[in-house]
Amino acid sequence: MINNISYNPYVRTLDNNGNVINKNASLPTHSERSCANMSFRDLVETVEAAQAEKAQNYNLEIDKLPVAEFSDPIEYPPNQKMGMDYKASCFDFTNAGDFDELTANEDFTGMTDVEKYKAIYEKYQHCYGENFIFAFSVCYENPMSWDDPYRLITREFVNEVKAACGSEADFCKIRAEALYGENLSNYQIREKIIDKYYYEGMTIRDFIKMADEMGRCGVGAELINCADPCREVPGVFYGFNIFTEMKYDKFALREAILDDEVSAEYLGNMQRIYESRVATNCYYHPEYGAVLNQVTAKFLGGAL
């Protein structure tokens with residue numbers, strides 16, 4: 001028999017000092033009283049039977065659930081729809097049908113990692129558009145991976161590069177050399193990237209893509225973290241955050257901001273935040289100041 005079971009008829013509330021300040025009646029249930037008089041073996045058998053019954057009922061409930069039906073195309077909520085529209089703007093599926101044939105005919109024999117990367121990258125550009133790589137440069141609330149064909153494609157690109165070059169390769173260095181040339185300094189690589197992507201009246205959205213490209217080549221000094229006004233990192237300066245305030249109106253406001261032209265005010269905000277945070281000993285990449293000055297010189301013809 002199970003002995004010495006004590007049912008306390010009260011639930012007591014304590015203050016910070018451990019003193020009882022309130023108590024509420026809490027009588028044992030019928031099942032609790034019944035268990036108190038059971039042998040240990042009977043108690044175990046009772047628990048096992050209850051668990052089995054619960055599992056059976058659970059399985060029956062699962063069987064009764066309707067099979068999920070997904071519409072085609074998927075109807076994304078407004079916040080995700082903005083992101084999907086942006087990602088779609090980075091893709092061009094005109095030649096997507098060539099992908100399997102090009103992949104089957106690949107031969108990396110005797111190629112360097114740089115040559116392999118360039119071959120794979122150009123295959124994806126041919127099949128999915130020149131700017132497919134920038135689909136995730138701008139942060140949005142994303143759907144699950146299986147509902148996001150753009151994520152599947154970019155993920156497959158990364159996997160192919162890793163398989164060809166080895167997962168331990170320095171992909172930033174490989175990309176920089178493949179697209180911009182050998183034996184260049186960080187400054188020279190950035191200069192080539194700026195010259196490639198800059199245009200008069202450049203939007204903040206495209207500025208973020210340019211900063212992302214610098215990061216992909218290992219020369220961005222985390223500029224993208226401060227270029228995007230909604231990143232949850234030091235440098236956010238627009239007063240709201242998409243990761244803590246997931247509301248449609250915030251995304252709508254952000255869309256308008258991203259379509260603004262890169263201005264002296266925009267760059268000046270980045271500069272002032274950088275200076276103030278450095279003054280308070282907040283960490284920034286050692287090259288961040290130099291990168292921001294280089295970008296500012298291109299857009300404004302000199303430092304702020």
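Here goes a summary of the coordinates provided. This structure is a prediction, so every number in the text was calculated from the model and none was measured. Note that residues are indexed from 1 along each chain, following the sequence as it is written. Under the rules for a predicted model, residues below a pLDDT of 70 receive no local features and side-chain atom pairs below 80 are neither given nor counted, while totals for whole chains, interfaces and linings still include all residues. For the side-chain quantities, the full set of heavy atoms in the structure was used; hydrogens and water were omitted.

1. Focus on the overall build of the chain
For helices the rule is a DSSP run of H or I covering at least 4 residues; for strands it is a run of E covering at least 2, with both sets numbered from the N terminus onward. Each helix and strand counted, the chain has 13 helices and 2 strands in total. In this analysis, two residues are considered to be in contact whenever any of their non-hydrogen atoms come within 4.5 Å of each other. For the chain, contacts bridging at least 24 residues in sequence account for 67% of all contacts bridging at least 6. Only the protein chains shown count as covering a residue, and every accessible area follows the Shrake-Rupley method with a 1.4 Å probe. Here the chain has roughly 18,300 Å² of accessible surface; of this, 50% comes from carbon and sulfur atoms.

2. Thoughts on the packing of aromatic side chains
Each pair of aromatic rings taken from Phe, Tyr and Trp, with Trp reduced to its six-membered ring, is defined by centres within 6.5 Å and is described as stacked if the planes are under 30 degrees apart, edge-to-face if over 60, and tilted in the remaining cases. Taken as a whole, this structure holds 24 aromatic pairs when the rule is applied. Geometrically, the ring pair formed by F99 and Y128 is tilted, given 5.7 Å between the ring centres and 45° between the ring planes. Taken together, the residues span a long stretch of sequence, with F99 in helix α4 (residues 99-104) and Y128 in helix α5 (residues 113-128) at a distance of 29 residues. We classify Y128 as buried; its relative accessible area is 11%. Aromatic pair Y198 and F299: ring centres 4.9 Å apart, planes at 85°, arrangement edge-to-face. Separated by 101 residues along the polypeptide, Y198 in the loop between α8 (186-197) and α9 (204-216) and F299 in helix α13 (residues 288-300) bring together distant segments of the chain. Exposure classes here rest on a 1.4 Å probe applied to the protein chains alone. A residue is buried below 20% of its type maximum, exposed above 50%, and partly exposed in between. Residue Y198 is classed as partly exposed on the basis of its relative accessible area of 23%. We classify F299 as buried; its relative accessible area is 15%. A connected cluster of aromatic rings, assembled from ring pairs, spans F91, F93, F99, Y117, Y121, Y124, Y128, F132, Y150 and F157. Put simply, a charge is over a ring when the Lys NZ or the Arg CZ is close to the ring centre, within 6 Å, and near the line of the ring normal, within 35 degrees. R175 extends its terminal NZ or CZ atom over the ring of Y121, reaching a point 4.5 Å from the ring centre.

3. Focus: the state of the cysteines
Our working definition of a disulfide is a cysteine sulfur pair at a distance within 2.5 Å. On inspection of all chains with the given rule, the structure shows 0 disulfides. Sulfur of C217: no disulfide; nearest cysteine sulfur belongs to C172 and is 7.4 Å away. Residue classification places C217 among the buried residues on the basis of a relative accessible area of 4%.

4. Examining the environment of D195
Positionally, D195 belongs in helix α8. Relative accessible area serves as the criterion here: at 47%, D195 is assigned to the partly exposed category. Separated by 103 residues in the primary sequence, D195 and K298 place their C-alpha atoms 8.9 Å from one another. Here a polar contact is taken to be a pair of N or O atoms separated by no more than 3.5 Å, where protein atoms must pair a possible hydrogen donor with a possible acceptor and residues adjacent in sequence count only if both atoms sit in side chains. Here K298 takes part through its side chain, which lies 3.5 Å from a polar atom of the side chain of D195.

5. Details of the pattern of salt bridges
When a carboxyl oxygen of Asp or Glu lies within 4 Å of a side-chain nitrogen of Lys or Arg, that pair is called a salt bridge. For the coordinates displayed, the defined rule picks out 12 salt bridges. Linking K123 and E160 is a salt bridge whose minimum nitrogen-to-oxygen distance equals 2.8 Å. Taken together, the residues K123 in helix α5 and E160 in helix α6 (residues 149-165) connect sequence positions 37 residues apart. Taken individually, K123 and E160 each receive the classification buried, so the pair is uniform in this respect. Residue K298 pairs with D195 through a salt bridge whose shortest N-O separation is 3.5 Å. Of this pair, K298 sits in helix α13 while D195 sits in helix α8, and the two are 103 residues apart along the sequence. We classify K298 as partly exposed; its relative accessible area is 32%.

6. Considerations on the layout of surface pockets
A probe matching the size of a water molecule, rolled over the atoms, marks out where space remains unfilled. Considering only enclosed or pocket space, the largest pocket measures out at about 200 Å³ in volume. Lining the largest pocket, in full, are Y117, I133, F157, V158, V161, K162, F171, C172, R175, G215 and R216. Contributing elements (two or more residues each) for the lining of the largest pocket: α6, α7 (171-180) and α9. No other element matches α6, which puts 4 residues into the lining of the largest pocket. A cavity here means a set of points on a 1 Å grid, drawn over the protein atoms and nothing else, where a 1.4 Å probe fits but cannot get out; a pocket is an open set with protein on both sides within 12 Å along at least five of seven lines, and a residue lines either one if it has an atom within 4 Å of a point. Grid points are joined across faces, edges and corners, and a volume is the space filled by probe spheres set on the points.

7. A closer look at the nonpolar core
In terms of nonpolar packing, the biggest core is built from 62 residues, with F207, L223 and M270 touching the most fellow members. Considering each element in turn, this core owes the most residues, 7 residues, to α5. Residues in contact with F207, not counting those within four places in the same chain, are M202, L223, A227, V262, Y266, L267, M270, V295 and F299. To form a nonpolar core, buried Ala, Val, Leu, Ile, Met, Phe, Trp, Tyr and Cys residues must be joined to one another through side-chain atoms within 4.5 Å.

8. Concerning the packing of α9 against α13
Each axis is a line fitted through C-alpha atoms, and for a helix only the stretch in contact is used; angles between axes span 0 to 180 degrees, taken between their N-to-C directions. At a minimum axis distance of 13 Å, the contact between α9 and α13 shows a crossing angle of 140°. In terms of orientation, α9 lies oblique with respect to α13. The crossing of α9 and α13 is right-handed. Every residue of α13 that contacts α9 at F207, M210 and M214 is listed here: V291, V295 and F299. Throughout, the term roughly parallel applies to angles under 35 degrees, roughly antiparallel to angles over 145, roughly perpendicular to angles from 65 to 115, and oblique to all others. Handedness of a crossing follows from how the near helix is turned relative to the far one, being left-handed for an anticlockwise turn of less than a right angle and right-handed for a clockwise one.

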